[in-house]
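# Summary of the model geometry
This is what each chain is made of:
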Amino acid sequence: MSDVERADPARPVPQHIDLDLELAPGKPPVLHVEPIAPGDLGDWTRQHRDALEAALLVHGAVLVRGLGVPDAAALALVADRMSGGTFARETEPFARRRPLGGPVVSSLEWPPDQPMCMHHELSYALEFPRLLTIGCFTPPARGGVTGLADGRAVLEALPRPLVERFSEVGWTLVRSYNDLVGVAWREALGVADEASAEQYCGANGIDLAWQSDGGLRTSQRRSAVIHHPLTGERLWFNQVAFLNEWTMEPSIREFLVAQFGPDGLPFNTRYGDGAPIDADTVRTLNEVYEAATLREPWQAGDVLLVDNIRMAHSREPYQGRREIGMALGAPVRLADCSPTHRPGARP
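The following refers to the structure shown.

How each quantity is defined
Residues numbered from 1 in each chain as written. Predicted model: local features only at pLDDT ≥ 70, side-chain atom pairs only at ≥ 80, totals over all residues. Heavy atoms only, no water. Helix = DSSP H or I, 4+ residues; strand = E, 2+ residues; numbered from the N terminus. Rg over C-alpha atoms; globule rule 2.2 N^0.38 Å. Buried < 20%, exposed > 50% of the residue type's maximum accessible area, 1.4 Å probe, protein only. Phe/Tyr/Trp six-rings, centres within 6.5 Å; stacked < 30°, edge-to-face > 60°. Pairing = 2+ DSSP bridges. Axes fitted to C-alpha atoms, helices over the stretch in contact; angles between N-to-C directions. Contact = heavy atoms within 4.5 Å.

## A few points about the overall build of the protein chain
Of the regular secondary structure elements, the protein chain holds 8 helices and 19 strands. Relative to the compact-globule value of 20 Å for 347 residues, the protein chain shows a C-alpha radius of gyration of 20 Å, a close match. Along the first, second and third principal axes, the C-alpha atoms of the protein chain reach 60 × 45 × 40 Å. Counting over 347 residues, the protein chain shows a buried share of 54%.

## A look at the packing of aromatic side chains
The final tally for this structure, using the stated rule, is 9 aromatic pairs. With 5.6 Å between their ring centres and 75° between their planes, Phe94 and Phe242 make a pair best called edge-to-face. Taken together, the residues span a long stretch of sequence, with Phe94 in the loop between helix 2 (72-83) and strand 4 (99-101) and Phe242 in the loop between strand 14 (234-236) and helix 7 (250-260) at a distance of 148 residues. By relative accessible area, Phe94 is classed as buried at 10%. Judged by centre distance (5.5 Å) and plane angle (55°), the ring pair of Trp110 and Phe242 falls under tilted. Of this pair, Trp110 sits in the loop between strand 5 (104-106) and strand 6 (116-119) while Phe242 sits in the loop between strand 14 and helix 7, placing them 132 residues apart in sequence. Across the pair, exposure class does not vary: Trp110 and Phe242 are buried alike. Among the aromatic residues, those joined into a ring-pair cluster are Phe94, Trp110, Tyr124, Phe242 and Phe267.

## Things to note about helix 4 (residues 160-169)
An α-helical segment advances 3.6 residues per turn. Residues three or four places apart therefore align on the same side. When helix 4 is considered as a whole, its buried residues turn out to be Leu162, Val163, Phe166, Ser167 and Val169. In the stretch just after helix 4, Gly170 is the one whose phi turns positive, near 75°.

## Re the sheet that holds strand 9 (residues 148-150)
Sheet architecture is open: 3 strands sit in the order 6-17-9, paired in antiparallel fashion. Whereas interior strands pair on both sides, the edge strands pair on one side only; in this sheet they are strand 6 and strand 9. Sheet twist, expressed as the average angle between the axes of neighbouring strands with direction ignored, equals 15°. Here strand 9 runs beside strand 17 (residues 311-315); their pairing, made up of 3 bridges, is antiparallel. Directly across from Leu148, in strand 17, lies its bridge partner His313. Packed onto the sheet, helix 8 (residues 279-292) meets strand 6, strand 9 and strand 17 and runs at close to 100° relative to strand 9.

Written out as structure tokens, the structure reads:
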């Protein structure tokens, strides 16, 4: 077991990293390496895993450039060694991914001309990945950057009253499943019938209500601020802005409101006490994210390692073909992150 795996939140984060990282303002740390034969990627990663983990604890992300990872099979070797062979199960998706082989899946199927705003992967679930291993097989002709924002910096930069309110009441994700937009409830919950859906929601701290048309509406309250399970650092960790109605492109929001009504949007976020979140608050969140964003355009063969609890990530609009794979590794339970709200599972 490595020092990182034994990390005690009371111990200081290691400051010495045995890696020659390129550090530049506005960019994630970059580790330049020589190309590795696909069959040797597992051994290379095993040899450098502890150093990479130490770098992640200090910086939150590392872009490894030069490995030349060509496809999902090669990326899976890196992800398996970095994550110790443990991967999070994606639950309650709001957009689809394509399985690419083993633990590797595609990026979310999201319109290329629409931005995917800052979020932490599966931050609405009771278990989520600590480590994202992201590989670029084909970079887009233009755009498509995966931006990164440090949850510590975001928390520090947000207005104190806003942080205090979200710390006190948390945030709520409200979903109204329909056959027109997003993923149907059977697919999202991984169930076959209503009884199984009710059992799943009960076990995962989700309230549900069946609608007269057979649709499903769910609500789950989560913590907006948690502590990193290895370092003990307090972090802004949620998808409040990404899944809120005011982040939507205005014409899309108007269409969805016309189709489903203001309370029937496919997904929306509220304060944990059920109060609506106004457009100015969402604008403030997104402005703080933007000020904290680190960017580096993708190159073919890049591997981006991201501490999903520490760092939010985004995807900018792009043109041309873009092939990105991702593995959701090293799952962590919300209960182990000192949440301000502990959803209770029900039988």
